[in-house]
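Letter by letter, the chains look like this.
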Amino acid sequence: MNPSRRRALQLAAALALSPALARAQGSLAPAALGYLPWWMAAGWRELRLEAFGRLVLFDAPIGADGALERRAWHKLAPGLAAHSQAHGRGLELALTLLGEGDFERVFAQARPRERLLGECTRYLDDAMFAGLHLDLEGYSDVSADAIAGFRGWLAALHENAAARGKTLSAFFPASDAFDAYDAPAAGRMAWWVAQLYDAHWAESKVTGPLVTRSDTNAVGIARALARLAALGVARERILLSVPLYGWQWVAASERPGAAALGRARLLTYAETPASLMPNDRLAASTLAARHGLRRDPEETPYYAYREHGRWAQGWYEDLTSLTRKLGPERVRGYAGLAFFPLGYDAGAIVEPLLRWWRAAPT
């Protein structure tokens, strides 16, 4: 038999013999997905995971040579794999490529692509993981060779995943410049997480909300979702990302949109136990209660106070702002919500927002 024909038949058989994969590649994306970062994974038992159909362990960074930074996930999250399997909850591993120019360095050359494919396949062979989740955020210009190399690499990875009954999914960055995915590449993903946060980020030049409906912002909700629609991705395969963190800037004044005077500090929504997050103890809801809760025209919560002669502004999202901003999408057939990262809200956002989402009129 022709070798390529044999591989095609093997792939078809793997797909036919894997009901879980067939469901995932159809319209049944998880209604709730949560990102569990490595620095909090050891405390997973302190988190309420009942609502989640899928967890993404964050992360395995991709090096410029195609090597993955290896974390001992079985030791970082002891017992999580067995618990997830017992409750029918799949674990995926997020592969991240975030540095400027790294996409070009990895995918334009055969050697790093081949190394990355081999390392990804070893993770697919690990019974702990139900699949891999790609978080590739190439914001610099990339060559045609890099894009072609990526698409060929993705096709090979998809074949390896399908042969093992595993899935691929992806985070879709809110960037007008990132065009590595075409329609065939998009079709290889069981589901997508659309980036709807970081309308303002740590290095923003001005203060403002993390989530917005403004079309003038690259992360504006409609603008971000239109990119996936243009690739032919059906709404029932798209989860909408929800941030459980915020940013506090030193600002030129107390007004929204004031000049940010340096990199922001990270905020968690709620007080986070030291067992989960020993560093960076700023909690947005606590600081807003102390300094006065304010809201912008989109109902985004923020606070502002003056200290040592300078203004500080903290911006985040809460139930009021999220239900307002995500309201139109709630009745449009999207699969569900994806929360980043788990544990930052102390249960104050995830569960009530999911109840609201699921109560949408049909």
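Just so it is clear, the model here is predicted, and its values are computed rather than measured. Here the residue numbering is sequential within each chain, running from 1 through the sequence in written order. It should be noted that, the model being predicted, local features are given only for residues of pLDDT at least 70 and side-chain atom pairs only at 80 or more, the latter also being counted only at that level, while totals for whole chains, interfaces and linings use all residues. Side-chain measures were taken over the full set of non-hydrogen atoms in the model, leaving aside hydrogen atoms and water.

1. Examining the environment of A32
- Mapped onto the elements of the fold, A32 is located in strand 1 (residues 32–37).
- With relative accessibility at 1%, the residue A32 sits in the buried group.
- C-alpha of A32 to C-alpha of L240: the two residues are 208 residues apart in sequence and 9.5 Å apart in space.
- The contact criterion used throughout is that any non-hydrogen atoms of two residues lie within 4.5 Å. If we skip the residues at most four places from it in the chain, A32 touches A51, F52, G53, R54, L239, L337, L354 and R358. Numbering goes from the N terminus for both helices and strands, where a helix is a DSSP run of H or I of at least four residues and a strand is a run of E of at least two. Accessible area is worked out with a 1.4 Å probe on protein chains only. A residue is then buried under 20% of its type maximum, exposed over 50%, and partly exposed in between.

2. Some words on the sheet that holds strand 10 (residues 294–295)
- When DSSP finds at least two bridges between two strands, those strands are taken to pair. On the basis of which strands lie adjacent, the open sheet formed by 5 strands has the order 9-8-12-11-10 and antiparallel pairing. Taken across any chain shown, the strands that pair with only one partner, and hence form the sheet edges, are strand 9 (265–268) and strand 10.
- The pairing of strand 8 (residues 245–251) with strand 9 spans 4 bridges and is antiparallel. Counted as the bridge partner of Y245 is T268 from strand 9.

3. Observations concerning the pattern of salt bridges
- Salt-bridge detection follows one rule: a side-chain nitrogen of Lys or Arg within 4 Å of a carboxyl oxygen of Asp or Glu. Counted according to the given criterion, the structure contains 16 salt bridges.
- Between R332 and E329 there is a salt bridge, with its nearest N and O atoms 3.2 Å apart.
- Here R332 falls in the partly exposed class, since its relative accessible area comes to 41%.
- When salt bridges that share partners are traced, they join D59, E69 and R71 into one network.

4. Thoughts on the nonpolar core
- Definition of nonpolar core: a set of buried residues of the types Ala, Val, Leu, Ile, Met, Phe, Trp, Tyr and Cys, connected through side-chain atoms within 4.5 Å. L134, L136, Y181 and F339 are the most contacted members of the largest nonpolar core, which totals 117 residues.
- With 6 residues, helix 7 (residues 144–163) is the single largest residue contributor to this core.
- Aside from chain neighbours lying at most four places away, what touches L136 is I62, L95, L97, F103, F107, F150, P173, F178 and Y181.

5. A word on helix 12 (residues 350–358)
- Inspection of helix 12 places V350, P352, L353, L354, W356 and W357 among the buried residues, and these make up the whole buried set.
- Residues of helix 12 that are buried make contact with strand 1, strand 7 (238–243), helix 11 (319–330) and strand 13 (336–340).

6. Considering the packing of helix 6 (residues 110–124) against helix 7
- With axes taken as lines fitted to C-alpha atoms, and helix axes fitted only over the stretch in contact, angles between N-to-C directions fall between 0 and 180 degrees. Between helix 6 and helix 7, whose axes approach to 10 Å, the crossing angle comes to 25°. When the axis of helix 6 is compared with that of helix 7, the two are roughly parallel. Note that helix 6 runs across helix 7; the crossing there is right-handed. Every residue of helix 7 that contacts helix 6 at R113, L116, L117, C120, T121 and L124 is listed here: G149, F150, W153, A156, L157, N160 and A161.
- Looking at the contact of helix 6 with helix 7, its residues break down into 9 nonpolar, 3 polar and 1 charged. To sort the angles, those under 35 degrees are grouped as roughly parallel, those over 145 as roughly antiparallel, those from 65 to 115 as roughly perpendicular, and the leftovers as oblique. By definition, turning the near helix anticlockwise from the far helix through less than a right angle yields a left-handed crossing, and turning it clockwise yields a right-handed one. In this classification, the charged set is Asp, Glu, Lys and Arg, the nonpolar set is Ala, Val, Leu, Ile, Met, Phe, Trp, Tyr, Cys and Pro, and all remaining amino acids, among them Gly, are polar.

7. Some remarks on the side chain of R227
- Of note, R227 is situated in helix 9 (residues 221–230).
- Ignoring sequence-local partners within four residues, the contact set of R227 consists of F172, A174, S175, D176 and A218.

8. A closer look at the packing of aromatic side chains
- Only rings of Phe, Tyr and Trp enter the pairing, Trp through its six-membered ring, and a pair is recorded when the two centres are within 6.5 Å. The plane angle decides the type: under 30 degrees is stacked, over 60 is edge-to-face, the rest tilted. Across all of its chains, the model carries 23 aromatic pairs by this definition.
- What links up through ring pairs into an aromatic cluster is the set Y35, F58, F171, Y197, Y245, W247 and F340.

9. Overview of the packing of helix 11 against helix 12
- For the pair helix 11 and helix 12, the least separation of the axes is 11 Å and the interaxial angle reads 30°. One element, helix 11, and the other, helix 12, form an angle in the roughly parallel class. For the element pair helix 11 and helix 12, the recorded crossing hand is right-handed. The segment helix 11 lies against helix 12, with L319, L322, T323, L326, G327, E329 and R330 engaging P352, L353, W356 and W357.
- Of the residues belonging to the contact of helix 11 with helix 12, the class tally is 7 nonpolar, 2 polar and 2 charged.

10. So, the side chain of R71
- Among the structural elements, R71 can be located in the loop between strand 2 (54–61) and helix 3 (73–76).
- Any pair of nitrogen or oxygen atoms within 3.5 Å is treated as a polar contact; in protein, a donor-acceptor pairing is required on top of that, and neighbouring residues in sequence qualify only through side-chain atoms on both sides. Among the polar contacts listed, one links the side chain of R71 to the side chain of E69, at a separation of 3.3 Å.
- Apart from the residues within four sequence positions on either side, R71 is in contact with W38, D59, P61, L76 and Y123.

Bear in mind that shape data such as this cannot, by itself, settle questions of function.
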